[in-house]
Amino acid sequence: MMQSLFRAWFMTLFGAGLLSWATLALGASNAALPPNTMTLAKLVGQTNPIDLRGTRTIYPVYIPLSQRMVPDQVVLHLEYVNSIALVGARSQLVVKLNENVVAQIPLNPARPEGVADIRLPSSRFKPGYNRISFNIAQHYTYDCEDPDAPELWSQIDTQNSYVKFEGELAQVNPKLSGIDSLFDQRWLGDYQLTVATPVFPTSEYATWGAMVSQAAAVHLEYKTPQIFHEVLQYQNTTDNKRLKNYRFPYLDQKPLRGRDAIIVGTQADLQQMLGSSWANTVSGPYLGVFPMDEDPRHFILVVSGIKPEDVATAARILGYLNFPLPDQATANFSGLRMDHLPRFAAADMVSQNSIYRLYDFGYETTTMRGAGGGSVDVEIMLPPDVYVSETSHVELNLHFAYGAGMRGDSVFNIFINGRFENVVRLSEVEGEAVRRHTISIPTRSLKPGMNTITFAASMITDNSAECQIRNDNNLLFTLYDDTTIEFNGLDNYVQMPNMRLMATTGFPYSFNDDGETTVVGLGSNDSDVLAASWTLMGKLAEVMRHVSMDLQYRIGDFRGVDGGNLIVVGTVQTLDADLLKLAPIKLGEESLLQYARATGVGQQPRYEGSRLWINADEYGTHEFNYVNPTLKGNGLGDFGLLMQFQGGDYGNTVTLFTAGSGKNLLETSRELITPEIWSNVQGDVTAWKAGEEDVYARTLGERYHIGKPRFSNWLIYHFSSDPWVFIGVLLVFLLLLALFIRWLLKRFRETHH
């Protein structure tokens, strides 16, 4: 839930509780879910209920299962409501697991609210994504009926329904070829990772820690790791059993137990803890993965090398392991050669003004069938700093075919990011094959970063009279993968600060080879600050879908980031006072706060009192009237604060992540990477608390621009965003034109008279 407001300093909103277990009856309230559970809301990506309408509906849900997990018992807890107009004897909800029926639940109109606990056979689960489908049959009469009657409905509560796993992790026998099964995106719940160093990190060690954290995040894909930092401890032992059975007998492994661990450092720094036998195997950039001696369900991944540059090379290789070689536990690399990659590049990114086939974005020719039709999604990524003029359009040239015998109101709808954009009417009763049907869509309907284009067929049979047998086998629609989409007029020019853009694309930290350096500045090198920064960098890698190419860490002094961008992480007390003065909210021993007093609606100011119900970026540019109190101290309390601003001597763009203490910084970093918080990061100031889903955002600071557009687009951009400037320039031009014409007329009279 997102409310863009500050009240006094911040305001607290409220959230919902969770219901607990009962059998085929109403559930009672409970504040917490059982352990090892995932709500359906998280599985389907929505907090709204699942709507099941009509006489027959199928709704699939995919449950992840890590290859490392051995399930003993799996329970699906369902809370649902059905219509009271149903005929109970003919209405039921069938639950299938990987197409096998596991439960049949009668829908009783006399008791429309129900709860069911369904044991899912663990033997039918397989590593990967397991399909649970809700198949509903609903009827309101024993006679013929309207299959789309409004009283045919049921709802499944996604927030209070969940899947509970009972089981344990299997012992690992890891190899580098199985890195994706170690950093498994199908991990249930939060994935926690320890990054361990032999010493309290210098800038060099901090950089390596960020690199391996980003590598783990790239392999996990959609699940950002929660990073912990530990300093390795030497354990002096004469225990013969330990010396014989342990791979690393001189390493104190107690702080590492219970989580996977990455150990990073040079051979010389690690030799005392990992032993001379291990050290003798290192001859260059080195990667090695082993079961943890004291907890073989988890692994230790060692990233090392003879020289510091070897460690950096090994960390970089870890982020690019995407092929099952080398098929061994350890490997030494003699070097790394990387092909050049443009400043922004991805498999599904539009990187130039050109024509693309849907096939280029991974789409394959698909046929949609039946009355429900169905839909397909195509994901297209625009560069994060893309700018298009208001008049620019995307040309979509469709190649499709559809069957005969459809009713005249059958249609093929096109949505962009969930918003309806255009439609094709399927009007030919005899069916049709169309090689090229051109649709023009405003390019402004697309946004920087990932966009989802949804093609949805809604087909109705021509024989749809009441009490007639309906044949829907003729309802077919095929969209071919040689359908093209043509982009024109793309430029790189963007208004900053824009943390929503950073949250969705990683910009301005998402460059590849032809971009700017990213510098991460730490207020101190204690473990909480390090772990918070590595967690944030992992989230950026997940968003960018690649590790940062030119990454540097600095501790204490961040000035002189020439031509690059800066990320600062630290408590307020440890940060440079001159840097804090540049931020939208000026924190320090005395902090200058900013409360909105009024904002303009049209040309009229409106008093806001203590509330401002405007999202930071959603409604464009607003002019505010402010109140600026000066506070003794920083006032952050338990909040984490993310701010973005132009850096001056500190870099082109600075993103500052701070809190009142190291503990709060770490806790709020783990909250920040959750979808509930990260999806609401926006403006140039965002604040949140650990353990809460409320986010407070505002745009307070000065705006600036990044990019080099064509001159025509530059003029269009600034004239459209500030029409008074355009009017002023136009008046000056007309005045100069009038003076020029007057001068020409005067010259003409002097010459001819």
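Small disclaimer: the values here were computed from a predicted structure and weren't measured. (Residues numbered from 1 in each chain as written. Predicted model: local features only at pLDDT ≥ 70, side-chain atom pairs only at ≥ 80, totals over all residues. Heavy atoms only, no water.)

Caption draft 1: Region of the structure containing empty space enclosed by the protein. Applying the stated criterion across every chain, the model contains two cavities of 30 Å³ or more. Empty space within the second largest cavity amounts to approximately 40 Å³. At the level of secondary structure, the elements contributing two or more residues to the lining of the second largest cavity comprise α3 (203-220) and α7 (308-318). Looking at the lining of the second largest cavity element by element, the count peaks at three residues for α3. Considered class by class, the residues forming the lining of the second largest cavity number four nonpolar, three polar and one charged. (1 Å grid on protein atoms, 1.4 Å probe; cavity = no way out; pocket = protein on both sides within 12 Å on 5 of 7 lines; lining within 4 Å. Points joined across faces, edges and corners; volume = space filled by probe spheres on them. Helix = DSSP H or I, 4+ residues; strand = E, 2+ residues; numbered from the N terminus. Nonpolar A, V, L, I, M, F, W, Y, C, P; charged D, E, K, R; others polar.)

Caption draft 2: Seen up close, the packing of α3 against α7. Two elements in contact, α3 and α7, have axes separated by 8 Å at closest approach and are oriented at 15 degrees. Our classification of the angle between α3 and α7 gives roughly parallel. Note on packing geometry: the crossing formed by α3 with α7 is left-handed. Judged by residue contacts, Glu204, Trp208, Met211, Val212, Ala215 and His219 of α3 engage Pro308, Val311, Ala312, Ala315, Arg316 and Leu318 from α7. Of the residues assigned to the contact of α3 with α7, the class counts are nine nonpolar, one polar and two charged. (Axes fitted to C-alpha atoms, helices over the stretch in contact; angles between N-to-C directions. Parallel < 35°, antiparallel > 145°, perpendicular 65-115°, else oblique. Left-handed = near helix turned anticlockwise from the far one by under 90°. Contact = heavy atoms within 4.5 Å.)

Caption draft 3: Broad picture of α7. Among the eleven residues that make up α7, eight are buried, leaving the element largely enclosed by the rest of the structure. The complete set of buried residues in α7 reads Asp310, Val311, Ala312, Thr313, Ala314, Ala315, Ile317 and Leu318. In the core, the buried residues of α7 are packed alongside α2 (179-182), α3, β15 (260-264), β16 (286-292) and β17 (295-304). (Buried < 20%, exposed > 50% of the residue type's maximum accessible area, 1.4 Å probe, protein only.)

Caption draft 4: Helix α9 (residues 527-544), seen in detail. End to end, α9 covers 25 Å across 18 residues, agreeing with the expected 26 Å (1.5 Å per residue, within 8%). The buried fraction of α9 is high, at 16 of 18 residues. Measuring from the backbone nitrogen of aspartate 528 back to the side-chain oxygen at the start of α9 gives 3.2 Å, which picks out aspartate 526 as the cap. (Expected span 1.5 Å × (residues − 1). Polar contact = N/O pair within 3.5 Å; in protein donor to acceptor, adjacent residues only side chain to side chain.)

Caption draft 5: Molecular detail of the pattern of salt bridges. One pass over the full model with this rule turns up 16 salt bridges. The residue glutamate 542 makes a salt bridge to lysine 539 at a minimum N-O spacing of 3.4 Å. With glutamate 542 and lysine 539 both in helix α9 and three residues apart, the pair spans about one turn of that helix. Here glutamate 542 falls in the buried class, since its relative accessible area comes to 16%. Of the residues examined, lysine 539 reaches a relative accessible area of 6% and is grouped as buried. One salt-bridge network, held together by shared partners, links Arg242, Arg257 and Glu294. (Salt bridge = Lys/Arg side-chain N within 4 Å of Asp/Glu carboxyl O.)

Caption draft 6: Focus on the packing of aromatic side chains. The final tally for this structure, using the stated rule, is 19 aromatic pairs. Where tyrosine 356 meets phenylalanine 487, the ring centres are 6.2 Å apart and the plane angle is 75 degrees; that geometry is what we call edge-to-face. Separated by 131 residues along the polypeptide, tyrosine 356 in strand β19 (residues 355-357) and phenylalanine 487 in the loop between β29 (484-486) and β30 (491-496) bring together distant segments of the chain. The same class applies to tyrosine 356 as to phenylalanine 487, namely buried. Arranged with centres 5.9 Å apart and planes meeting at 65 degrees, the rings of phenylalanine 639 and tyrosine 696 form a pair that is edge-to-face. With phenylalanine 639 in strand β39 (residues 639-646) and tyrosine 696 in strand β42 (residues 695-698), this pair connects stretches of sequence that are 57 residues apart. The burial state of phenylalanine 639 is the same as that of tyrosine 696; both residues are buried. Through pairs of rings, three or more aromatic residues link up here, namely Phe400, Tyr402, Phe412, Phe455 and Phe477. Here arginine 259 stacks its cationic end above the ring of phenylalanine 228, 3.8 Å away from the centre of that ring. Over the ring of phenylalanine 228 we find arginine 670, and its NZ or CZ is 3.8 Å from the ring centre. (Phe/Tyr/Trp six-rings, centres within 6.5 Å; stacked < 30°, edge-to-face > 60°. Lys NZ or Arg CZ within 6 Å of the ring centre and 35° of its normal.)

Caption draft 7: Just the side chain of threonine 224, in detail. If you trace the backbone, threonine 224 turns up in the loop between α3 and β14 (226-231). A residue is classified by how much of its surface remains accessible, and threonine 224, at 10% relative accessible area, is buried. Not counting chain neighbours up to four residues away, the residues in contact with threonine 224 comprise Tyr191, Thr535, Gly538, Lys539, Glu542 and Ile673.

These figures come from the coordinates and say nothing about function on their own.
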